[in-house]
Each structure stands twice: as structure tokens, then as C-alpha cells.
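# Coordinate inspection notes
These are the residues of each chain, in order.
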Amino acid sequence: MKLELRAMIRKEFRQVFRDPHTLGILLLVPMLLLVLFGYAISMDVDNIVVGVLDNDKSPESRRITELFQVLDVFSPGESPTSPAEAEEALVDGRLNAALVIPSGFGRDLEAGKSPSLQLLIDGSNVLVASTAQGYIDAMFFDLSLRLDTEWRVPTAAGAATFTPPIDFRPRTWFNPELRSTVFLIPGLIAFIMVITAVLSTALSVVREKEKGTMEMLDASPLSSTTLIIGKTVPFMVISMLETVLILIAGRFLFGVGIMGSISLLLGITFLFLLSCLGIGLLISTVVDTQQSAFLLATIVIVLPTLILSGFIYPIRNMPLPVQAVTFLIPARYFITAERALMIRGAGAGSIWPQSVVLLGFSIFTLGLSSLRLGRRRRKR
Amino acid sequence: MPVFKSTGAEYAAVLDSVGKSFQGTAAIKSLSLKIPTAGVFALVGPDGAGKSTLLQMLCGLLTPDSGSLEVLGVSLPRGLAGVRPQLGYLSQHFSLYGDLSIDENMAFAAEIYGLKNYSDKRDELLEMTGLTPFRKRLADKLSGGMKQKLALACTLVHNPRLILLDEPTNGVDPVSRREFWKLLRGLGEQNITLVMSTPYMDEAERADSVAFIHEGKLLLTGSPGAIRRSWDRKILEIFCARNRAAMPVLSRFYPKGELQIFGDRVHLAMLQDGPEEDEVVRCLEDAGIRVKSSGPVRPRLENVFLSMIQKEAAVNG
Amino acid sequence: MGEHIIEVNSLVKRFGDFTAVDNVSFSVERGSLFGLLGANGAGKTTLIRMLCGLMIADAGSASLAGIDVLKNPEEVKKRIGYMSQRFSLYRDLTADENLEFFGGLYGSRDTVGAAGRSRIFDSVGLTGMENTLAGDLPGGISQRLALACAVSHNPAVLFLDEPTAGVDPVSRRRFWDLIHERAEEGTTVVVTTHYLDEAEYCNDIVLMHSGRIVADGGPDEMKRRIISGPVFEISGSGASFLESVLEDESWVVEFSLFGDSIHIQTVEGMDSEGVKTRLLTLAGKTQDFSIERITPSLEDVFLRIIDQSESEGEEII
């Protein structure tokens, strides 16, 4: 290895391990975020109290009623005897949802007609409402799949707003308990990597500008390329280690395993990190103080990753123009690929589009930073 | 309006065995000092000597850990509230608002001291500092020297009797520095006491009195002339063809001497009863070093300071 | 000797409408201590940045150690050492780690092994400090560490930007001794500073103002040339009285006030006796003066040149 590059890399490692703050940001913050997201803001909604108003009292309607007792998320509530009673229970908050089975349901099903079911949901808590809606929809879908030969598909209708999200279905297949941790961990890895990789790279360069040591590097024969490699290699190594730590923690704390190939997962993580480091470097070529680097990174990459990458909020539910913006966020591709690898156990064949896009991001951001850095170092 | 009480006191500030530590590190070590009323008093010392700490204690921003401190006849920190209106403090970074104009900066400085009818004083100060033509200009758009003068004007608007300036000439070009000193001297003549800190020894030569601060201690204080005269050495300036070669010859010839090499000359600081000029020249010529010219030069404050530090180091082992 | 290691010909650098370096030409001899002086904004930093290959000139040419600076800046960087203002070191790395890093940056083999580094530490008197964090070193020590880092690869030219600002006099003197040693061994040293006291240590000086060179020469030679008449320092109780009467005296070229003294530059050929006679006539026999002939400082020279060039400028307008 060239002496300059070795000097650069060794120096970066020394600085990272010397400063308790940097090391803390790199190691503790990811763990903290993991635990926070994993436990505290789990989006699972338990104990949805559902009452069934069974006007039919047929074997079919009883089967549906029993389903609510089997699944953990529901706790059976009182059984209202009239629509007015059901409404009152919802208003008082004793029930989160009420399912109305009309009389003649069993008969109509038997006769091959499509009988209607009415679902009343307390919409005041959106999270509970949408979860209940999603579960019940998924439940009937599941039911209809399993019982297709036996039953006709019942149509859950009546609630006019009842349009279940399309992507609910795959989740039902591969996450049978519908646990949000399984869904969140891949996104969490992406989010944590964005915070640590982008910020630590950007801050480490900008700190050199602030302290005046950048001037020393500029005056030395160190080339822009060596500078960039020297700045990326240490943070790449540290971030990769972090990913492994999060995966291990995810496995043991939350029981989220990896269904697919670990080497493929590490491979795509590498590409994602490369683009994160590139963005970090690019930010550092635009600003001169650590404060503005922090601000810019938060606005340009951290918040968009949180909101627009599909980490928490499904992209398909976003308005089209916003969906277009999500294509600019590397985490979007990474999370898709990660979920495919971790949850679905997909192979190399299904993640190559994401790999290509991430590689493109990396080349673009690193190339542009190198260019900008070179230009800055030789002002006009 | 604050009442101008001319107490006629001899000293604007008196420090008695003042000590101050930060996180266990002593910044000021049992320092006693008397700052005479009126004129410019310079605190001289390298970065980290404790000059800023001292100034901040004098204006009540910091409280001493030990010892007693009296400013304008009032004991601090007890009497701070009473004496604060008579103090002005100019921090190292000229605390100006870059996005406000000269007038607005002055108005703000006056209003935080509760002044209402300050416009006459403001005009007077702008006139004095030569800033009147630029009064609508934003502070950010001023040159370094103009910023410095504006900062001074802002500290003067409430008629302080004691002004504390922390490295006011840092990074200011010599021309502006000369103008700034003219202003300071003018203020000193109006019975105002100005205490300034500076790392530059040559700047201290311009002050009425100086105090050398080194590692939180007072090494020496007095007027520049008196300090120079108190030095036990004389300096011989020698221009020779090969200055570097002359160094070992001179140190062999007069081991007690202090040698300093400059770009085109050598200074030999000898004790008052040391050898005469012609003896030194002869010694060099004998060693084959041609002396182009030589002559006594006036010692500078730096020479005295240097000796003091070395003596101090010798005492401490 | 006599060989030019740096040659600058009609170098120009503009930023928009502002010409930072305006048609500057000079040359530097190998092994000399060259001072580039001027106020902040005079263009010296821009000039140095161009010579270090950090900035591209708009016009003109420059060479360093025979290499065309404009065509081959990367080659130039290998042959220079650069010590920036405030000694930019990594404060969170130890002295040894800093030296290893900067040595590695320049591909210096001497700093790869601990033995080589300890030799360098010894040469700048830092033995025993190897494992101290650079941020914990006092000013004078970190200054020498910065020097060690800048010269570990034996550069042909060493650039120093305000190398001794804020450092105590003992460290300063030691630093300049080290620099003179380096120069003796053949390293060319270029010092940029707005602090004119630092320039006294140089053999050759170029004075910049508004992007142009306004004077050049050796410090002493320059003083003699620019300040033609002798300068006297008058101190004593009568000195302050003189301020009001000196203005109209034809034998006084210029005077300036210091703390407890007054500096008078007279027309050529005056001696202290002559000055004393004239002053007694002016002030009356009762006044008490002490008169001493002094060497003007480079700051005096600088101020004189700026005054001259500005008054000429006004005449043209």
C-alpha cells in the first residue's frame, strides 16, 4: 500500500478510537436506536377488542366468530345483540371494532351468493383502526384461500372506506404473525447506517476544515483520490462491523433471522454503505462547519430515509409525486433488497436491480465528491 | 445618565493574591497587581498565560477563587452591580452583530445599558472613530480595522471609566493599529483607564504601563522605560559576513552572554560590566569573521521579558 | 549561493473584479530566510497558495526548485514543507502519531520507524513529549512539533505562516534558532506574516500592499533606505509636553507617541546633542529629557511606505 494511504487510514482509525464521542456515536447510538425501535415503537397493536353481532347463528357464522378467539391480536369483547348496542359500545370505547354478520349469511354462502359482512371500526385511533382493518382483511383473505373449496369468498364490505392496502398480502405470507419487528429490522439497519456512515464521514472531513488540518493535507502531495479512499476505508470497516452487530442483536433480541444468503446481504450492505459514504463526502464538500454538515445531512438524507424509504411508511401509500422522490433515496433500494434477502430468503437473481442502482449511486456520489474536492484544492 | 464620579483614586484596579483555576488547572496563581488610574495599561504574555482570565475577572465575568479584587474602589464580586455601568469590555472577537448597521450596533450597545438619550454620544463617538460616513453600513461589510473601531465605540457609548480590551489589535494591519492606538491614547488623557491584553511585545512598548504575565503569574510591572532601565544587561548589535559562524565564537568569548540571531545581524546581550564593543569586534576579526558594522542598541521589552522567564525557570529548577 | 530556488515573474491573481496579486515578481536565493510581509488582505496568502500549488495563477509564471508551479503543482508539493498559522496538528493524536502521519503523507521513509522519529524529536528538542496528545502541548512545544512535521521529508522550501504568533519569547527565540539551523543546512525558508517583528529574523524581505510589492531588501538596509534620518527616543517628564510643539518644527520629519516616551525622526545629520539643544529651546530649561538614538522597527518602515504610497495615490487621483 502506498505510504500516504496507509498513513491516512491509520490516522483515521486512531482518531475514531481516541475520541469517546465518535466511538459512542458509532457503536452506542446504533444499539440504542435498535432497542428503541425494536421495543418501544413497535407498531404492533395488541388487544384489539372486537365484538361480533351474530344475527345468523349458523355454523358458518360461528366459525368466523371463533377466528377472533384464535388470533392473539384480538381479544373477544362483549357480544352486542343489536346494531344500536354495537354502536354504543364503540362510542363508549368498550369495543375497537364490531363485526356484523347478517342473518342468512350461512345460507347465502351455501347458495353461492356473495353474502356481505359489515365491519364497524372506531377510527379515532388511526393506528388501531388501520391495524384492525388490515388484520381482519388479511384474516378473511387467508380464510378464503384455505377454504376456497369449501366456501365461496366472502366479501368484506359495508365499511365504505374499507380498501385494504395491496402490500398487506405478501406480509401475511412471510410474516404469519404479522410482527412489525421482522418488517422493521431491515429498515432499521438502513436508517442506522445512514446516520452513522453519512454523518461520521461528513463530520470527519469538515472537522479537518474547521481545525485547519485540511489546509495541511491540501499543501501535501496527497491526491484527492487517496484522500477519499483514506476517509472511506475506515468508516466502511466500522460500518460493516456495525451491520453485523445489528444483525446479531436482531437475531437474539428480536428473533429476526436471515432467510437468505448472508454473503449476499453483506454484499448489498457494502454497496449501500459505499453510497452513504459518498453522500457524506459530498456533503463535506459543500459545507465548512460541523453544524451545517449536521443540518444538511439531516435534511437531505436522514429525514428522507426515515420517511420516504419505505422503512416505516409503505411507499405505495404515498402520493405519486412523493413516490417519484423516493427513487432518489438509496435506502429505498437497500431496504427492498434486504427484506427480500432476510424475510423472503430471495436469491441473487431478485436483488440485482437494487445492486446496480446502489452501485450507480456510489459511483456518482464518490466521483462527484472527488471532482469537487479536487476543484476546491486547486481554486481555479 | 451615569454620574461621572472623579474619585481621584490612584488605582483603577487592585488585585491582591488573586487565584483562579479551571477544572483543577490554575490559570492565575496568587497574582497581585495595581493598575493606575488613567492611561493605557498592557497585560503582555503568550497565549495561555492567563491574560483573558484576568480581564474577565476585572469586569466581573469570572469570580476569583481566592484573594481579593477591587475595581474602581469597589470590592468584587460583591459590588459588581454598582460598578458594572462604569465598566466596558471588548472581547477578543469584537462582539458585533454582522447583520446590523453601525448605527444599530451602537444603539443596541447603548440600550442594553439602559441609556435613552444616547444619540449625541453616538455621533461624537462615530466622529472620533471616523466612522460617520459609513454609519448605515452593515458591520459584516466593514474592514478589520473599522470593525475594531466600531467595537471600541460600542464599549464607549455608556461612558465607562474602566475599559477592558482583550487582544484588540489581533489580526489588524499596522495602519489601523496606529490609528487605534491614537484613539486609546486620547481616551487615556480623558481620565479613562484602558486595560488591554496583547501577545505582542512591541505593542506593549506603546502603553503607559505594562505587566508581564507568564503561566498565570506576574513577572514584572512598570512603565516601559523603567522596565528597560531595570535590565541588568546591554545589547551589542553586530553585522558580520557570516552571522551563523559568529555565534560559537561569541559564546566562547563571553559565556555569560545571551545570543540572538536575526536575519542579517546578531545581538549579544552582555552584563553591564561586560566587555566593550571593540573587544568583541576584535575577537570576531581574530577568528576570521569580518564585522561589517556594530553598535549598541536599545533593549526591547522582549529582552527583559525573556530574562525574567529564564530566571523564573531557573528558580523553579 | 546566489542560486535562485524560487522565481516569480509577473504573477497575477484576480477574484472577480478584485486583483489580489497584481503583477508580482521576485526571486528567492537557496538557503535564505525570505520574509513576505503585509497586512491582512495585502495578497501574501494568495501568493503563497499559488507557490504551494494550491491555487492557479491567472497570468505570469513561477518556478520552485526548477519546477514550473503552474504546470506541475503536484511535483511542487513534494518538495515543500508547509507550517500553517496556529500549527494545524491533530489535537487528538499524540506528538508521535502526528509526526508519523505527516511523514507518511509526504512518503518520508525517516518517519516510518520509531527510531527515525525519535531522531527527529531529538533534533527539535521534543524528546520525552512523544506520547503526549498534541492538544495538551503548550504553544511553544506544539510550534516545534508542527515544525518537525513540516520538515520530516527534508523539503527544499519550507513555508511558515505567522509561525510565532502568540508564543512566549523563550520558545520564539528557540524556534528561530532552529529555523536558522535549517537554513544553514540549505533549506530555503519563506515566512509570511503581518506581524512585522517576525520579519526581523529574515535576510530578505518583500513588503506587499494592495497586491503589489512596495519595497524589498534586507531588514537593516531597508530601514536605512526608507527611514533616512536618525530616530531618537525622548523620555522623561518633559516628553508629553512636546506633542503640541513638534508639529511645526522643520527639523522633525515625523514623531510618534509611545507610553512614556516620544519617538522623533529628524532630518539627516542630527545627533543627540543637537536634538537636546533644540528641545530645550522649545520646552524651556526646566524640562528634563533623556535622549537616546534608536533603530527604527520594520513597522515604522512599513507605515512610512504605506503613507508614501497612499499620498502618491491621492495625488494621481
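The notes below deal with the structure included here. Please read all numbers here as calculations on a predicted model, not as lab measurements.

Calculation criteria
- Residues numbered from 1 in each chain as written.
- Chains lettered and ligands numbered in written order.
- Predicted model: local features only at pLDDT ≥ 70, side-chain atom pairs only at ≥ 80, totals over all residues.
- Heavy atoms only, no water.
- Contact = heavy atoms within 4.5 Å.
- Buried area = accessible area lost by both parts, 1.4 Å probe.
- Salt bridge = Lys/Arg side-chain N within 4 Å of Asp/Glu carboxyl O.
- Polar contact = N/O pair within 3.5 Å; in protein donor to acceptor, adjacent residues only side chain to side chain.
- Helix = DSSP H or I, 4+ residues; strand = E, 2+ residues; numbered from the N terminus.
- Nonpolar A, V, L, I, M, F, W, Y, C, P; charged D, E, K, R; others polar.
- Buried < 20%, exposed > 50% of the residue type's maximum accessible area, 1.4 Å probe, protein only.
- Phe/Tyr/Trp six-rings, centres within 6.5 Å; stacked < 30°, edge-to-face > 60°.
- Lys NZ or Arg CZ within 6 Å of the ring centre and 35° of its normal.

## Focus on the interface of chain C and chain B
With 44 residues of chain C at the contact, the number on the chain B side is 45 residues. Between chain C and chain B, the buried area comes to about 3800 Å², and carbon and sulfur atoms account for 48% of it. When the buried surface of chain C facing chain B is broken down by residue, C:Pro169, C:Arg173 and C:Tyr195 rank first, second and third, together holding 17% of it. Between chain C and chain B we count seven salt bridges in total. One salt bridge in this structure joins C:Glu233 and B:Arg298, with 2.1 Å as the shortest N-O distance. Linking chain C with chain B are 14 residue pairs in polar contact (both at pLDDT 80 or more). Among the secondary structure elements, those contributing two or more residues to the side of chain C that touches chain B are α6 (169-184), α7 (219-226), β11 (231-235), β12 (252-257), β14 (290-294) and α10 (298-316) of chain C. Ranked by the residues each element gives to the side of chain C that touches chain B, the list is headed by α6(C), at eight residues. Taken together, the residues that form the side of chain C that touches chain B break down as 16 nonpolar, ten polar and 18 charged.

## As for the side chain of A:Thr365
Residues and elements named next belong to chain A. Mapped onto the elements, Thr365 comes out in helix α15 (residues 348-377). Classification of Thr365 as buried rests on a relative accessible area of 4%. Separated by 3.3 Å, the side chain of Thr365 and the backbone oxygen of Ser362 make a polar contact. Setting aside residues no more than four positions away along its own chain, Thr365 makes contact with Ser275, Gly278, Ile279 and Leu282.

## Focus on the pattern of salt bridges
Following the criterion strictly, the structure yields 46 salt bridges over all chains and no others. In this structure, C:Glu233 and B:Arg228 form a salt bridge, with 3.3 Å as the shortest nitrogen-oxygen distance. Residue C:Glu233 is located in strand β11, and its partner B:Arg228 is located in helix α8 (residues 224-230); the two belong to separate chains. Linked through salt bridges whose partners overlap, the residues forming this network are A:Arg10, A:Arg14, A:Arg18, C:Glu97 and C:Glu100.

## Quick notes on unusual backbone geometry
The linkage connecting B:Leu76 with the following residue, B:Pro77, adopts the cis geometry, with an omega of 0 degrees. By secondary structure assignment, the location of B:Pro77 is in the loop between β5 (74-76) and α2 (80-83). The backbone of B:Asn159 shows a phi angle near 55 degrees, a positive value even though the residue is not glycine. Along the chain, B:Asn159 falls in the loop between α5 (144-156) and β7 (162-166). Phi at C:Ser10 is positive, roughly 45 degrees, even though this residue is not glycine. For C:Ser10, the position within the fold is in strand β1 (residues 4-15). Exposure remark for C:Ser10: the relative accessible area of 34% places this residue in the partly exposed category.

## So, the packing of aromatic side chains
All told, the structure shown has 14 aromatic pairs over all chains when counted by the stated rule. Between B:Phe212 and B:Phe305 the ring centres are 4.3 Å apart and the planes differ by 20 degrees, which places this aromatic pair in the stacked class. Pair noted here: B:Phe212 is in strand β9 (residues 209-214) and B:Phe305 is in helix α11 (residues 301-315), with a separation of 93 residues, a long-range link. For B:Phe212, a relative accessible area of 0% translates into the label buried. B:Phe305 sits in the buried class, given a relative accessible area of 0%. Ring pairs connect the aromatic residues B:Phe262, C:Phe175, C:Trp176 and C:Tyr201, which therefore count as one cluster. Lying over the aromatic face of C:Phe101, A:Lys11 brings its terminal NZ or CZ to 5.0 Å of the ring centre. Cation over ring: A:Arg332 sits above A:Phe327, and NZ or CZ is 4.2 Å from the ring centre.

Such coordinate-based values are descriptive only and should not be taken to indicate function.
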